[in-house]
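Given next are the chains, with one letter for each unit.
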Number of protein chains: 2
Amino acid sequence: MTTNSYFDAFRERFHIPIGTIYLDGNSLGVLPKATAARVADTVEREWGNDLIRSWNSADWINTPTRVGDKYARLMGANAGEVAACDTTSINVFKAILTALELQKNTKRNTNTPRNVLISDIDNFPTDLYIAQGLKALLAERNLDLRFVKREQMSETIDAAGDRLALVMLTEVDYRTGERYDMKRVTAHVQSKGALMLWDLAHSLCAFPVALNDCNVDLAVGCGYKYVNGGPGAPAFIFVAKRHLDRLDAMNSPAPISGWFAHEAPFAFQPEFKTIRGIKRFSVGTPPILQMAALETALEMWLTADLNAVREQSLRLTDDFIRRVEWHCRDYPLLTLATPREHERRGSQVSFRHPEGYAIMQALIARNVIGDFRAPDILRFGFTPLYLSEADVVNAAQHLAEILATREWDQPEFKMKHAVT
Amino acid sequence: MTTNSYFDAFRERFHIPIGTIYLDGNSLGVLPKATAARVADTVEREWGNDLIRSWNSADWINTPTRVGDKYARLMGANAGEVAACDTTSINVFKAILTALELQKNTKRNTNTPRNVLISDIDNFPTDLYIAQGLKALLAERNLDLRFVKREQMSETIDAAGDRLALVMLTEVDYRTGERYDMKRVTAHVQSKGALMLWDLAHSLCAFPVALNDCNVDLAVGCGYKYVNGGPGAPAFIFVAKRHLDRLDAMNSPAPISGWFAHEAPFAFQPEFKTIRGIKRFSVGTPPILQMAALETALEMWLTADLNAVREQSLRLTDDFIRRVEWHCRDYPLLTLATPREHERRGSQVSFRHPEGYAIMQALIARNVIGDFRAPDILRFGFTPLYLSEADVVNAAQHLAEILATREWDQPEFKMKHAVT
C-alpha cells in the first residue's frame, strides 16, 4: 500500500519548472534531477578526461545491452532480451524484418506464403510508414498490409487465417489513450501461427508491462516519454528468447548488418558474421551522451513500484475525468475520448472538442501543458511520479475557466505550428 | 599564412587532460571547452525548463537539416544536401539503397541490370557489412559484390563496365592513412555510368573536402572523430542536389520510411508520403543531446581555416615520420605504413611492428595515446587544432625510448582487450 508521501518523495527527484502543471509526459517526460550531473560527468570525465579509454573503463562498449537489461526489467522481460539502440522507427524496421525471417520456413496448409501484416489504422503513423516502406523495398515478398479500425481487428485477424504473418499494434492509442488487451490479442494472433509485435511507446513506465507473461514475440518503444530518458533517447527492441535462439540456430543475418552486430566488431574482418543473441539488433556506434541520460532515468524507475504507479494513475485520471465533466457540464462539445473502464485505459485522458487546438493553446498560455492531436483531441498525460493531486484539481479548473470565458477564442491561439 | 599563434589560440578551446599527448583524435576527438556548457544548457534549460515547447522554441524539430547544413559547409556541399542523422552504418544502408534506386532505370547496352557494387576489401568493415546485409535482404536484385585490394581497384572498375552500379570507398584508409584521389576515382566511376559513394570518416575536419567540386554523388561519415562531436555523435549523409531532384521527380520512397521522412510528420496521416529534398533521409526522432554537442563542434570548425589545418597536418606528420625513423633507425621491424607523398596521405601516421599491440600499450601507459589495429598497425592521428609541435617531438621520443628499453616486453602490455 502506498501513501501520498511515497509520491511526494518521488516528486522531489524531478525538475519541474515552477508554476507549470505538466500533463505532457506522454510526449516528452520531465528531467530527473540526477540526470544533469550524470550527463555532465559523461561529458567532462568520461569523454573529456578519459577519452578513448572510456570504451573500456566506462563500459561504453556494452551500453546497448547494459542499458537494454535495465529496460528489460521494466517490461517483464529477461536480461538478454532487450537492446537499447537507434530510434523506434528503425527498431520497427528491424522487428518486421525479424518477423518475416522467423516466418520464412513456417509450415502452412497451402503453398501461398504467410504475407499478411495487420495493424490498426490509428496506430502511431511511423509504425505504419515503416511497414509501407518495407512493402515497397521487398516488393517480391508481396506483403499484404491490412490497416483496419480497432473494431475490425479481431475479425481481420480471423479472416487472414494462416496467411497471417504479423500483427503490429501500439498497446495504448496515442490519441485516445485506449488500451488493447495485450494477453488476449497476443494469444489470438498466435492461435493463427502468427507473431505479435507491440509498440510500448505509451506503456513503458506508464504501468506494469509483462511481456513474457503475455508470451509476446517482439516489442519496440521509445525512452523519451514516460521513461524520462530525454529528448531523442535511444529506443529499444525486445525479442523473446525463444526467437533469439531460433534466429541463432537458423544462422539468420542481422536485420541491419552494422559492425555492432558482428560477432567480433574489433577484429575488423571483412566478412560479416552475425553475433548471437540480442546484440544482433545493434547497428552502429551507440550515442553515449543520450545513453547516460537514459540510464539515469531507468535506474530511477528500477526503484519505483509500478503497481503503485498504476493505482495512482487510475486515481488521478478518474479524478480528472470526474472534475472536467462536472465543471464543463454546460459545454457538451467537450466529450471524453478515453475509455472509462480501467482495464481499457492507459495513463492519459483525452477529450475531443472542435476548437481543441485553440483550447490547448489557451491552457499552455496558463502553464497547463498538454498537447493537441488532429483533428480534435486535447491530450493530457498523467505521470504519478511527478504529478500531484493538486495539479489535477487545478488543471481541471483551468480548463473549465477557459471554456467559460471563451479565452481560447483569440487569433494567437488559432495559428497552428508544428508541435509534437 | 598562418602562424603558430593561430594554432596556439585554437588549442585553448579544447579540454586536453594534463600530461596527455593525444594522438587518437581519429578514433574519438577531444572535448571542445564550449561543449559542456552547451550540453548542460540543452539538458537544464531546453529540456528541463522549456520541455515540450523546445521542439519549436529551440528549433529541435529542424536539427537534422540545421546541423546538416553546418556539416555541409565543411565538406564543400551546399545547404540542403546533407542531413545529420543516425549512425554511419545506417547511413551507408540508406546510401546504397538510394544508389540502387537511382540506377533502377538507367539505360544499358544489354538487358542485364546494373548490379555490381565494388569496394576496397580494406574498407572500414561496417561499410562492407552493410553491403553484405543488403545483398542478402534484396536477394532478387542479385547484387554482385566485388571487394578488392586497392591495387586492383582501377581494373576492377573497368572490368565491371556497364554492369557497375556503385563504387563505395572510404577516402582515407583507417589503418594505413592512405588516401584515394577523390576527384580522379569519382570521374573514373562515373565514366562507366556508375555512382560514387565516399565515406569521409577520416576526411571531414582532417583536411578540406570538396564534394561538389569532385562531382561526388553520395557521401556518409561520422561526427565523433576529427569533428569532435562527442562519442556516438550523429552521423551524416550527403546526396548531391541533382540526385535529390531526380528522386523527387521519380517519386521515390525514402530508404527507411520513418515519420521524420514524411512530408507532414505532425499531420499524423496513416499513408506514407516522402518529403522532398534531403529530409527524406531522416527517419526517427533526432537525439537532441548529441546534436547539441555535435553542433557546438561544427560551429567551432566553421571558424577554422581547413587549408591551414591541412598545411599544419602535413608539417606535423612529416616531422613525426622523420623523427621516428631517425630515433628508431636501429629497429628495422618498425616500418612506415603511411605513404610519404602528401597527396596520398590523410591526417594520420601508421607504423607496422610485429609487437605493435604491446608497444601501443606501453605508449598509452606513458600517456601517449594512439591506438592499435590488427594485425600489426600502430596508429597515430594528427589533429593540428589541439596538437602542438612539442607533442610531436615528445611522442617520437617516447616511442624511441620504449623500443630502446624494450619497455613493451611486459605481460600486462600483451593482454588484449577491446579497443576502438
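Here is what the cut-offs are and how they apply
- Residues numbered from 1 in each chain as written.
- Chains lettered and ligands numbered in written order.
- Predicted model: local features only at pLDDT ≥ 70, side-chain atom pairs only at ≥ 80, totals over all residues.
- Heavy atoms only, no water.
- Helix = DSSP H or I, 4+ residues; strand = E, 2+ residues; numbered from the N terminus.
- Rg over C-alpha atoms; globule rule 2.2 N^0.38 Å.
- Buried < 20%, exposed > 50% of the residue type's maximum accessible area, 1.4 Å probe, protein only.
- Contact = heavy atoms within 4.5 Å.
- Areas by Shrake-Rupley, 256 points an atom, 1.4 Å probe, with all protein chains shown as cover.
- Buried area = accessible area lost by both parts, 1.4 Å probe.
- Salt bridge = Lys/Arg side-chain N within 4 Å of Asp/Glu carboxyl O.
- Polar contact = N/O pair within 3.5 Å; in protein donor to acceptor, adjacent residues only side chain to side chain.
- Nonpolar A, V, L, I, M, F, W, Y, C, P; charged D, E, K, R; others polar.
- Least-squares fit on C-alpha atoms with pLDDT ≥ 70 in both.
- Pairing = 2+ DSSP bridges.
- Phe/Tyr/Trp six-rings, centres within 6.5 Å; stacked < 30°, edge-to-face > 60°.
- Lys NZ or Arg CZ within 6 Å of the ring centre and 35° of its normal.
- Axes fitted to C-alpha atoms, helices over the stretch in contact; angles between N-to-C directions.

## Re the overall build of chain A
A count of helices and strands for chain A gives 13 helices and 15 strands. Taken over C-alpha atoms, the radius of gyration comes to 22 Å for chain A, in line with the 22 Å a tight globule of 420 residues would show. Taking all 420 residues of chain A together, the buried fraction comes to 64%. Taking contacts inside chain A between residues at least 6 apart in sequence as the whole, the part at least 24 apart equals 73%. Of the roughly 14600 Å² of accessible surface on chain A, a fraction of 51% belongs to carbon and sulfur atoms.

## Quick notes on the interface of chain B and chain A
Accessible area lost upon the coming together of the parts is a frequently used measure of interface size. The interface of chain B with chain A comprises 78 residues on the first partner and 79 residues on the second. Roughly 6900 Å² is buried in total at the junction of chain B and chain A, and carbon and sulfur atoms are behind 70% of that figure. When residues of chain B are sorted by the area they lose upon contact with chain A, Trp47, Tyr129 and Phe268 of chain B head the list and together hold 12% of the total. Where chain B packs against chain A, one counts 0 salt bridges. Inspection of the chain B/chain A interface yields 29 residue pairs in polar contact (both at pLDDT 80 or more). Secondary structure elements with two or more residues in the side of chain B that touches chain A: β3 (31-32), α2 (33-49), α3 (54-57), α5 (88-103), α6 (125-137) and α10 (288-301) of chain B. Among the residues making up the side of chain B that touches chain A, the classes are represented as 43 nonpolar, 26 polar and 9 charged.

## Comments concerning the pattern of salt bridges
Scanning the model with the defined rule gives 74 salt bridges over all chains in all. With a shortest N-O distance of 3.6 Å, glutamate 46 of chain A and arginine 45 of chain A are connected by a salt bridge. Judged by relative accessible area, which is 12%, glutamate 46 of chain A ranks as buried. Its salt-bridge partner being aspartate 41 of chain B, residue arginine 45 of chain B comes within 2.7 Å of it at the nearest N-O pair. In this pair, arginine 45 of chain B and aspartate 41 of chain B both sit in helix α2, 4 residues apart, roughly one turn of the helix. Assessed through its relative accessible area of 38%, arginine 45 of chain B is described here as partly exposed. Among the charged side chains, a salt-bridge network with shared partners connects Arg38, Asp59, Arg66, Lys70, Glu295 and Glu299 of chain A.

## Here we look at unusual backbone geometry
Residue and element names in this part refer to chain A. Proline 375 follows alanine 374 through a cis peptide bond whose omega is 5 degrees. Within the secondary structure, proline 375 sits in the loop between β14 (371-373) and β15 (377-381). For asparagine 215, which is not glycine, the phi torsion reads 60 degrees and is therefore positive. If you trace the backbone, asparagine 215 turns up in the loop between β8 (195-199) and β9 (218-221).

## Focus: the relation of the copies chain B and chain A
Applying a rotation about an axis and a shift along it to one chain copy brings it onto the other copy. In screw terms, the move from chain B to chain A is a rotation of 180 degrees and a rise of 0.0 Å along the axis, fitting with an RMSD of 0.0 Å. These values place the two chain copies in the arrangement generated by a two-fold rotation axis. An overlap of 100% is found between the interface residues of chain B and their copies at the interface of chain A, pointing to a shared contact surface.

## Focus: the pairing of strand β9 (residues 218-221) of chain B
Residue and element names in this part refer to chain B. Burial along β9 is two-sided: Leu218 and Val220 facing one way and Ala219 and Gly221 facing the other are all buried. Examined bridge by bridge, strand β8 (residues 195-199) and β9 share 3 bridges and lie parallel to one another. Note on β9: the bridge partner recorded for aspartate 199 is valine 220. Relative to strand β10 (residues 236-239), β9 runs antiparallel, the two sharing 4 bridges. Across the sheet, valine 220 pairs through a bridge with isoleucine 237, a residue of β10.

## Details of the packing of aromatic side chains
Following the criterion strictly, the structure yields 42 aromatic pairs over all chains and no others. Measuring from ring centre to ring centre gives 6.4 Å for phenylalanine 260 of chain A and phenylalanine 266 of chain A, while their planes differ by 80 degrees; the resulting arrangement is edge-to-face. Of the two residues examined, phenylalanine 260 of chain A and phenylalanine 266 of chain A, each falls in the buried class. Ring-pair connections join several aromatic residues into one group, and the members of that group are Phe124 and Tyr174 of chain A together with Trp55, Trp60, Trp259, Phe260, Phe266 and Phe268 of chain B. Sitting over the face of the ring of tyrosine 180 of chain A, arginine 150 of chain A holds its NZ or CZ atom 4.0 Å from the ring centroid.

## So, the pairing of strand β7 (residues 164-170) of chain A
Residue and element names in this part refer to chain A. Counting buried positions along β7 gives 7 out of 7 residues, so the element sits mostly inside the fold. Where strand β5 (residues 116-120) lies against β7, 4 bridges are found, and the strand directions are parallel. Each residue of the ladder has a partner; that of leucine 117, found in β7, is leucine 166. Summarising the sheet, β7 and β8 pair through 5 bridges and their orientation is parallel.

## A short note on the sheet that holds β9 of chain A
Strands in a sheet are paired, the pairing made by backbone hydrogen bonds, and the direction either parallel or antiparallel. Residues and elements named next belong to chain A. Strand order across the open sheet formed by 7 strands is β4-β10-β9-β8-β7-β5-β6, with mixed pairing between neighbours. Looking at the sheet topology across the chains shown, the edges are occupied by β4 (82-84) and β6 (144-148). Taking the axes of each pair of neighbouring strands and ignoring which way they run, one obtains an average angle of 15 degrees across the sheet. Together, β5, β7, β8, β9 and β10 (236-239) form the strand contacts of helix α5 (residues 88-103), whose direction differs from that of β9 by roughly 170 degrees. Helix α8 (residues 182-191) rests against β7 and β8 of the sheet, and its axis sits at about 150 degrees to β8.

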